[in-house]
Every structure is written in C-alpha cells, then in structure tokens.
Amino acid sequence: MRSPKKPSSNPERDAFYAKIDGDHMMPLWAVMSDIITPEPKSACLPYLWQYGKVRDFLLESGGLITAKEAERRVLILENPGLRGMSKITTSLYAGLQLVLPGEAAPAHRHSQSALRFVLEGANAHTTVDGEKTLMNIGDFVITPPMAWHDHGNQSDEPMVWLDGLDIPMALFFDASFAEPFKADEQPVTRETGDSLARYGANMLPVDFEMQRLASPIFNYPYERTRETLRKMQAQEEWDPCHGLKLRYINPADGGFAMPTIASFMQLLPKAFKTAPYRSTDATIYVVVEGTGWSVIDGQTFDWRPKDIFVAPSWKWIVHEAMEEAVIFSFSDRVAQQKLGFWREDRQKS
Ligand code: 1HN
C-alpha cells in the first residue's frame with residue numbers, strides 16, 4: 001500500500017469541514033491514515049505480573065469482601081496501555097479470582113465466554129450447566145456463552161485461578177446479556193466427569209449434534225495435557241518458534257474449545273530458544289512449570305511458575321527456557337480467523 005499521507009488543510013477545506021460537522025459528517029481523507037494503518041497499531045503494551053506479588057493483594061482482598069458479596073472476588077489485570085478499561089489486551093479481559101474455603105460464588109449466566117486456568121488450590125469446584133467439575137492446578141476449564149455457572153470451595157485451602165473472558169468483544173458488538181440464577185447454586189444434574197467421559201475419549205454419543213458453539217468438555221485436566229506433552233517430547237520434533245505447542249480443541253468439530261478465545265499449551269525443553277515470531281492475536285501467557293525469559297518488542301521479561309505476561313499484536317516475541325518449561329496461553333485467534341483478520345509471521349533466518 002502507498003505510504004498514507006494526510007492531505008493538507010486550507011481555509012476553504014476547513015470551512016467546508018466545519019459546515020458538514022454540524023450534520024455529523026467527516027471527510028474520510030482527513031482520518032483515513034489513522035483508521036487504515038499499514039500494520040497493526042495498538043495501545044496494548046507488553047507486561048508481566050509476578051504471581052508472588054499479586055497473590056498477596058488477592059489474599060488481602062479476601063479480608064475485605066466475601067465471594068458472595070462481590071459476586072466474583074476478582075482483581076482485574078489491566079494492561080498498562082489500556083488502564084480503566086478492564087482489558088488485558090484490546091479484545092480480552094483477564095483477572096485473578098479467589099474463592100476461600102467454605103465460600104461460594106453465586107450462579108449466573110452471560111453472553112461472554114469464560115475460561116479458568118487454575119493456579120493454586122485443589123478440589124474447589126465450578127458447576128457448569130448442571131455438571132460439577134473439580135478444579136486442580138493447571139486445569140483448563142471453560143464456561144460457554146449463556147451457560148449457568150457457580151463456583152464453590154469445599155476444600156480447606158484457598159483456590160486461585162486466572163479468568164479469561166471475551167468481555168471487550170461483547171462490548172464492541174453491543175451484545176452483552178447477563179442474568180442471575182434464582183438461587184445461589186444451580187442444581188447438579190450430571191455426575192462429575194460426565195462430559196469428559198462422554199466427549200473426551202475420542203468418541204461421541206452416536207447421534208451427537210452440537211448444541212452450542214463451545215466444546216462439550218468443561219474441564220481439560222492438566223494431568224492429561226502434561227502426559228501428552230511428555231509423550232510427544234520424546235519425538236524431538238521442535239517447532240523453531242513454538243517448541244512443542246498444542247491447542248485445546250472442541251472434540252466435536254476439531255476447532256478451538258471456545259467460539260471467541262483460542263487456548264494453547266506449549267513445552268520448551270531446557271535451554272531452548274525460540275525463533276522470533278509475531279501474530280495479530282495479542283496473547284496472554286501463564287507459566288505453569290519452569291523458569292526462563294521472553295523478549296517482547298525488545299523488552300525482556302523474566303518468568304517463573306504462575307507468572308502472567310502479555311504480548312501485544314504484531315510485536316516480535318522470543319522465549320528462552322532456563323529449565324524445561326510448560327506455558328499456557330490464550331488469545332482471540334479463533335475470532336480473528338473466523339473474521340478473516342488473523343496473520344502470523346516468522347523471522348526468516
Ligand atoms: C464471571 O462470570 C466470572 O463466573 C469471572 O467466575 C469474572 C468478569 C466479568 C463478568 C463476569 C466467573 C467475570 C465474570
């Protein structure tokens with residue numbers, strides 16, 4: 001594309017702009033280069049939250065408000081370039097949620113899709129559409145659009161997870177609906193583990209038809225994901241940009257697990273350094289195992305387990321693992337692909 005240059009103004013043009021302004025009109029040529037950029041231009045900045053630090057704030061919030069009063073006791077992770085907008089990237093929301101022993105977060109539903117990535121605790125639960133799922137560290141749990149969901153912690157330790165939602169997308173489309181359930185907890189109508197047994201064994205009920213756009217599996221347990229990485233690792237087939245990277249899928253159609261949010265898990269062997277990569281889906285990373293650093297747009301971020309960091313759209317990223325590392329990530333890739341926007345780039349060596 002020709003390098004965009006704004007036509008200059010002159011008194012005659014300015015007078016014309018002022019005249020049409022009253023009728024809510026604007027000349028395209030005065031704004032075109034701001035709205036059609038040759039490359040993505042984003043206010044989103046690279047950033048890393050150290051879990052050790054934010055965990056203290058989260059536990060402190062536990063003394064200020066109950067999960068029931070807050071509805072969801074969450075500290076939002078706001079991108080430093082997007083403050084005040086409840087966004088971790090331009091299109092995604094993320095927050096850290098705390099459910100203390102004995103607490104419950106009341107049932108509700110909304111058009112936004114949600115994912116949970118468990119950071120701390122054991123055997124607290126979320127109930128999604130009548131099925132109770134126990135949550136453990138590294139589990140990836142989804143709440144499809146308009147699915148009733150409530151959380152509870154009947155264990156004796158605090159439970160912390162990272163929430164990822166498509167809230168900015170629902171706002172962008174003016175398509176947000178939400179409602180509370182008539183009771184704090186929804187009735188449990190299915191056995192724990194039913195959806196994983198039914199849909200997570202490379203089989204489907206014979207006449208299965210997709211009822212919704214999201215995966216029929218609610219919980220992708222870390223144990224299984226980790227074992228898959230362990231087995232595949234032996235093959236030594238490393239992608240130069242990703243190491244060994246898998247995507248979470250909807251087993252019924254092979255697509256991503258959620259309609260708007262793509263999610264991934266990757267393994268980098270000890271001392272592996274990835275080749276520079278960039279893509280249009282700004283990505284949130286959560287370190288599960290190992291230590292290392294990532295260089296994003298020239299800035300270095302050291303990471304350790306449970307740290308959360310964000311890479312903006314179209315900025316070069318390189319990861320280097322000091323020890324064998326396992327990293328979860330999510331982005332709006334699936335939405336961009338459906339809409340025809342997604343692009344990726346690998347640095348030529
Ligand atoms: C929500 O429903 C949850 O269910 C967490 O845990 C965070 C942020 C905004 C709107 C709804 C949850 C949320 C949320």
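Residues numbered from 1 in each chain as written. Predicted model: local features only at pLDDT ≥ 70, side-chain atom pairs only at ≥ 80, totals over all residues. Heavy atoms only, no water.

Caption draft 1: How the structure looks around the site of the ligand. The full set of residues close to the ligand is R72, Y93, Q97, H108, H110, R116, H149, H151, D163, L165 and I167. Within the side chain of R72, a nitrogen or oxygen atom sits 2.7 Å from an oxygen atom of the ligand. A distance of 2.9 Å separates an oxygen atom of the ligand from a polar atom in the side chain of H149. Here the ligand loses 83% of its free accessible area of 330 Å² to cover by the protein chains. Within the residue set of the shell around the ligand, elements represented by two or more residues are strand 3 (93–99), strand 4 (104–110), strand 9 (149–152) and strand 10 (159–165). Split by residue class, the shell around the ligand holds three nonpolar, five polar and three charged. (Near = heavy atom within 4 Å. Polar contact = N/O pair within 3.5 Å; in protein donor to acceptor, adjacent residues only side chain to side chain. Areas by Shrake-Rupley, 256 points an atom, 1.4 Å probe, with all protein chains shown as cover. Helix = DSSP H or I, 4+ residues; strand = E, 2+ residues; numbered from the N terminus. Nonpolar A, V, L, I, M, F, W, Y, C, P; charged D, E, K, R; others polar.)

Caption draft 2: Focus on the layout of surface pockets. Empty space within the largest pocket amounts to approximately 1,200 Å³. Lining the largest pocket are 35 residues, with T90, S91, D332, Q336 and F341 positioned closest to its centre. Lining of the second largest pocket is provided by 17 residues; of these, Y220, R224, T225, Y248 and I249 occupy positions nearest its centre. Looking at the lining of the second largest pocket element by element, the count peaks at three residues for helix 7 (residues 222–233). Among the residues making up the lining of the second largest pocket, the classes are represented as 10 nonpolar, five polar and two charged. (1 Å grid on protein atoms, 1.4 Å probe; cavity = no way out; pocket = protein on both sides within 12 Å on 5 of 7 lines; lining within 4 Å. Points joined across faces, edges and corners; volume = space filled by probe spheres on them.)

Caption draft 3: Spotlight on the pairing of strand 14 (residues 262–268). In terms of residue burial, strand 14 counts as a mostly covered element, since seven of its seven residues are buried. Going residue by residue along strand 14, you find A262, F264, Q266 and L268 tucked away on one face and S263, M265 and L267 tucked away on the opposite face as well. Relative to strand 14, strand 13 (residues 244–247) is paired through four bridges, and the arrangement is antiparallel. Residue pairing across strands places R247 opposite F264, the latter belonging to strand 14. Where strand 14 and strand 21 (residues 325–331) come together, seven bridges link them in antiparallel fashion. Each residue of the ladder has a partner; that of S263, found in strand 21, is F330. (Buried < 20%, exposed > 50% of the residue type's maximum accessible area, 1.4 Å probe, protein only. Pairing = 2+ DSSP bridges.)

Caption draft 4: Region of the structure containing the sheet that holds strand 21. Pairing is antiparallel in the open sheet, where six strands are placed in the order 1-19-16-21-14-13. The open sheet is flanked by strand 1 (47–49) and strand 13, the only strands paired with a single partner. On average, adjacent strands in this sheet sit at an angle of 20° to one another, irrespective of strand direction. (Axes fitted to C-alpha atoms, helices over the stretch in contact; angles between N-to-C directions.)

Caption draft 5: Highlighting the packing of aromatic side chains. Taken as a whole and assessed by the stated rule, the structure comprises 17 aromatic pairs. Ring centres 4.3 Å apart and planes at 40° place the aromatic pair F140 and Y248 in the tilted group. On the criterion of sequence distance, the pair formed by F140 in strand 8 (residues 140–143) and Y248 in the loop between strand 13 and strand 14 is long-range, its members being 108 residues apart. Here F140 and Y248 have matching classes, each one buried. Measuring from ring centre to ring centre gives 5.6 Å for F140 and F328, while their planes differ by 40°; the resulting arrangement is tilted. Of this pair, F140 sits in strand 8 while F328 sits in strand 21, and the two are 188 residues apart along the sequence. The same class applies to F140 and to F328, which are both buried. Here the basic side chain of K245 rests over the ring of F264, its NZ or CZ set 4.7 Å away from the ring centre. In this structure, R247 is placed above the aromatic ring of F256, and the distance from its NZ or CZ to the ring centre is 5.0 Å. (Phe/Tyr/Trp six-rings, centres within 6.5 Å; stacked < 30°, edge-to-face > 60°. Lys NZ or Arg CZ within 6 Å of the ring centre and 35° of its normal.)

Caption draft 6: Summary view of the sheet that holds strand 7 (residues 131–136). The sheet built from five strands is open, its strands ordered 7-6-9-4-11 with antiparallel pairing. Looking at strand neighbours, the two that pair on one side only are strand 7 and strand 11 (178–180), the edges of this open sheet. Between one strand and the next, the sheet's axes are offset by a mean angle of 25°, whatever the strand orientation. Pairing of strand 6 (residues 122–128) with strand 9, which is carried by four bridges, proceeds in the antiparallel orientation. Bridging from a neighbouring strand, V128 pairs with H149 of strand 9.

Caption draft 7: Spotlight on the environment of T228. Topologically, T228 is positioned in helix 7. The exposure class of T228 is partly exposed, given its relative accessible area of 37%. A C-alpha to C-alpha distance of 9.4 Å links T228 and L246, two positions 18 residues apart in sequence.

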